[in-house]
Amino acid sequence: MSDPADFVDAALQREGSEERAAETEAELGNGLRSYGSSVGAVRGTVRDTLRRYPRLTHDEVTALSSELWAAPVFERRLAAVVLLQSNLRLLGNSDLTRIEGFVREARLQVLVDPLAVDVTGPLMERLDPPARARADVVLDRWAHDDDAWLRRAALLAPLRALRTGGGNWTAFTRSARAVLSRPVDREDDGGGVDRTAVSLVLTELERTRPELKLPLPDR
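Fair warning: this is a prediction, and the values are worked out from it, not measured in the lab.

(A) Examining unusual backbone geometry more closely. Positive phi values are uncommon outside glycine, yet R107 reaches one of about 55 degrees. Tracing the backbone shows R107 in the loop between helix 6 (96–106) and helix 7 (109–125). On the basis of relative accessible area, R107 is assigned to the partly exposed category, the value being 39%.

Pasting the structure below:
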């Protein structure tokens, strides 16, 4: 491993416990291993890493995120997400491909949701108009993909912007209606994680922007 990845891995293992690891693995139930370190410890480890290596470039940050993600350990993958959250200023349109790969492998709300809400959404809000147009095409593709977790990410990505008065409501409604029109008994629907994402966004907006209503589907 690279020095930063080694530093993160060692710190996470040091902060872990066998009892919490067993509890986490049982709770996740998807085959990921756990070091048993807390979410706070993961965030603290990423902060310490960025202090220790303060001049990481875009390529170094994204390579480190992939290095951390490569091992099937929950805390390492969560650290990869936090690392991207902490370096949004460096991320651009081209990084959606890497994020898409993480989402396809994650298959857990605790990883997919922050990748969508706290990484993809803010990343897109920072793009200039031409790059944003290209990113919107990517998100539209995600919303129509056969992978329910990728569809969930597409739906949740604009949540922060929509909640605060921005975002592309028309694009969200188009994606939401595409998801809701899919057969509900598909074997690959991920247990309805895409549909619950629609409900989550609408519930949030009822409090902050009640004027936004999802149009009824065409009959």
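(B) Here's a closer look at the environment of P4. On the secondary structure map, P4 appears in helix 1 (residues 3–15). When the C-alpha positions of P4 and T203 are compared, they lie 40 Å apart, and in sequence the two are 199 residues distant.

(C) Local environment of helix 11 (residues 169–180). Its twelve residues place the ends of helix 11 16 Å apart at the C-alpha level, agreeing with the 16 Å of an ideal helix rising 1.5 Å per residue. Taken residue by residue, helix 11 has W169, A171, F172, T173, S175, A176, A178 and V179 as its buried positions. On its buried side, helix 11 packs onto helix 8 (129–143), helix 9 (148–156), helix 10 (159–163) and helix 12 (193–208). Looking at where helix 11 begins, the residue whose side-chain oxygen comes 3.3 Å from the main-chain nitrogen of T170 is N168.

(D) Quick look at empty space enclosed by the protein. Taken as a whole and judged by the stated rule, the model has one cavity of 30 Å³ or more. For the largest cavity, the calculated volume is near 220 Å³. Looking at the lining of the largest cavity, the elements with two or more residues in it are helix 7, helix 8 and helix 11.

(E) Spotlight on the layout of surface pockets. Considering only enclosed or pocket space, the largest pocket measures out at about 160 Å³ in volume. Taken together, R20, T24, E27, L28, S37, S38, V39, V42, F74, E75, L78 and V110 make up the full set of residues lining the largest pocket. Among the elements of the structure, helix 2 (18–28), helix 3 (39–52) and helix 5 (74–85) are those that each provide at least two residues to the lining of the largest pocket. With four residues, the single largest contributor to the lining of the largest pocket is helix 2.

(F) Up close: the side chain of D95. Within the secondary structure, D95 sits in the loop between helix 5 and helix 6. Among buried charged residues, D95 stands out as having no salt bridge; its nearest opposite-charge side chain is R98, 4.5 Å away. Here the side chain of D95 touches H58 through a polar contact of 2.9 Å, side chain to side chain. Leave out the neighbours within four places in its chain, and D95 touches H58, T62, L90 and L123.

Rules of the game
- Residues numbered from 1 in each chain as written.
- Predicted model: local features only at pLDDT ≥ 70, side-chain atom pairs only at ≥ 80, totals over all residues.
- Heavy atoms only, no water.
- Helix = DSSP H or I, 4+ residues; strand = E, 2+ residues; numbered from the N terminus.
- Buried < 20%, exposed > 50% of the residue type's maximum accessible area, 1.4 Å probe, protein only.
- Expected span 1.5 Å × (residues − 1).
- Contact = heavy atoms within 4.5 Å.
- Polar contact = N/O pair within 3.5 Å; in protein donor to acceptor, adjacent residues only side chain to side chain.
- 1 Å grid on protein atoms, 1.4 Å probe; cavity = no way out; pocket = protein on both sides within 12 Å on 5 of 7 lines; lining within 4 Å.
- Points joined across faces, edges and corners; volume = space filled by probe spheres on them.
- Lys, Arg positive; Asp, Glu negative; His and termini not counted.
- Salt bridge = Lys/Arg side-chain N within 4 Å of Asp/Glu carboxyl O.

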